[in-house]
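# Topology and contacts: notes
Listed here are the chains, written in short residue letters.
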Amino acid sequence: MPEHRKTCPERQKQQIEEADNTMIAEALDENSDRKPKPDYSPERLFVFGLRCVQNGFDTRYLQQWRDAWETYTRHFGADRCRPLLDALWEFVRIYRCHACSPTGYHRLDCPCMARDEYLSMALISALQHQDGNCAARCLAEITRGSGWRELESRAWALAAEFLWLRQRFRPVSIADIEATLQTTDALRDARNSTLH
């Protein structure tokens, strides 16, 4: 198994640090070629892939899995995106097994994120930026008990694969996560309350 594909969190932390150093060096290199900005953000690409894989599990309709493959290969090429899609597939599989309330079918073109989609995206961001408090908060909301470590391991692998393809998520603060949780809790409570 190639060294950069190991799932050990320590190795993945080292891989993230190496990717950080490479990205900083390239940003400082005045002679490096500037590439045009992509027409997507890593976060949007992640949520799209998450929905495609999850919807495929829910509906047994393979078209959405094909949509994920076509979108990711269009951006990265077939050989480069295979490990990323493998990591995404494993993350979703473990997430579905251990999540307290897994997100169900979600339209691919919906601009809003469901609560668990946001928490999953924030988890990947926190791991990429090595924000342990943020990652722990996301994991505590997504899963309870024995699934925590397994989901964290799969999230590390996915965060590293995105970074390997130079897809760094924007940082998400613990304050952002708390505000999102309060808002979604309030919306859920309002929906479940009765008016007299």
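What you see is a predicted model, and the numbers here were worked out from it, not measured in a lab.

### Here's the deal with the overall build of the chain
A tally of helices and strands in the chain yields 8 helices and 0 strands. Ordered by position in the sequence, the α and β elements of the chain form the string α-α-α-α-α-α-α-α. Residues classed as buried in the chain amount to 42% of the 196 residues present. Of the contacts made within the chain by residues no fewer than 6 positions apart, 75% connect residues no fewer than 24 positions apart. Carbon and sulfur atoms form 52% of the exposed surface of the chain, whose accessible area is close to 11400 Å².

### Considerations on the pattern of salt bridges
Two side chains of opposite charge can pair, provided their charged atoms sit close to one another. A complete count under the given rule lists 10 salt bridges for this structure. Beyond isolated ion pairs, a larger network of salt bridges with shared partners links Arg115, Arg137, Glu141 and Glu178.

### What about the nonpolar core?
By size, the foremost hydrophobic cluster in this structure holds 43 residues, and its most contacted members are Phe46, Tyr72, Phe91, Leu123, Leu158 and Ile177. Breaking this core down by element, the ones donating at least two residues are α2 (42-59), α3 (63-76), α4 (78-98), α5 (115-128), α6 (132-142), α7 (147-164) and α8 (174-192).

### As for the packing of aromatic side chains
Inspection of the entire model under this criterion finds 6 aromatic pairs. Relative to tyrosine 95, the ring of phenylalanine 91 has its centre 6.3 Å away and its plane inclined at 15°; by these criteria the two rings are stacked. A residue pair is termed a helical-turn pair when its members lie 3 or 4 positions apart in one helix, as phenylalanine 91 and tyrosine 95 do in helix α4 at 4 residues. Overall, phenylalanine 91 belongs to the buried group, its relative accessible area being 0%. Relative accessible area serves as the criterion here: at 2%, tyrosine 95 is assigned to the buried category. The rings of Phe46, Phe91, Tyr95, Phe162 and Phe169 are connected pair by pair, giving a single aromatic cluster.

### Points about α7
Between its first and last C-alpha, α7 extends 26 Å over 18 residues, near the 26 Å set by a 1.5 Å rise per residue. Counting buried residues in α7 gives 13 out of 18 residues, a clear majority hidden from the surface. Taken from the residues just after α7, arginine 166 is the one with a positive phi, measuring 65°.

### Overview of the side chain of serine 41
Positionally, serine 41 belongs in the loop between α1 (9-28) and α2. Using a relative accessible area of 10% as the deciding quantity, one classes serine 41 as buried.

### Quick notes on the environment of tyrosine 95
Along the sequence, tyrosine 95 and threonine 143 sit 48 residues apart, while their C-alpha atoms lie 8.1 Å from each other. Within the structure, tyrosine 95 has its side chain in polar contact with the side chain of aspartate 116 (distance 3.3 Å).

Procedures and definitions
Residues numbered from 1 in each chain as written. Predicted model: local features only at pLDDT ≥ 70, side-chain atom pairs only at ≥ 80, totals over all residues. Heavy atoms only, no water. Helix = DSSP H or I, 4+ residues; strand = E, 2+ residues; numbered from the N terminus. Buried < 20%, exposed > 50% of the residue type's maximum accessible area, 1.4 Å probe, protein only. Contact = heavy atoms within 4.5 Å. Areas by Shrake-Rupley, 256 points an atom, 1.4 Å probe, with all protein chains shown as cover. Salt bridge = Lys/Arg side-chain N within 4 Å of Asp/Glu carboxyl O. Core = buried A, V, L, I, M, F, W, Y, C linked by side-chain atoms within 4.5 Å. Phe/Tyr/Trp six-rings, centres within 6.5 Å; stacked < 30°, edge-to-face > 60°. Expected span 1.5 Å × (residues − 1). Polar contact = N/O pair within 3.5 Å; in protein donor to acceptor, adjacent residues only side chain to side chain.

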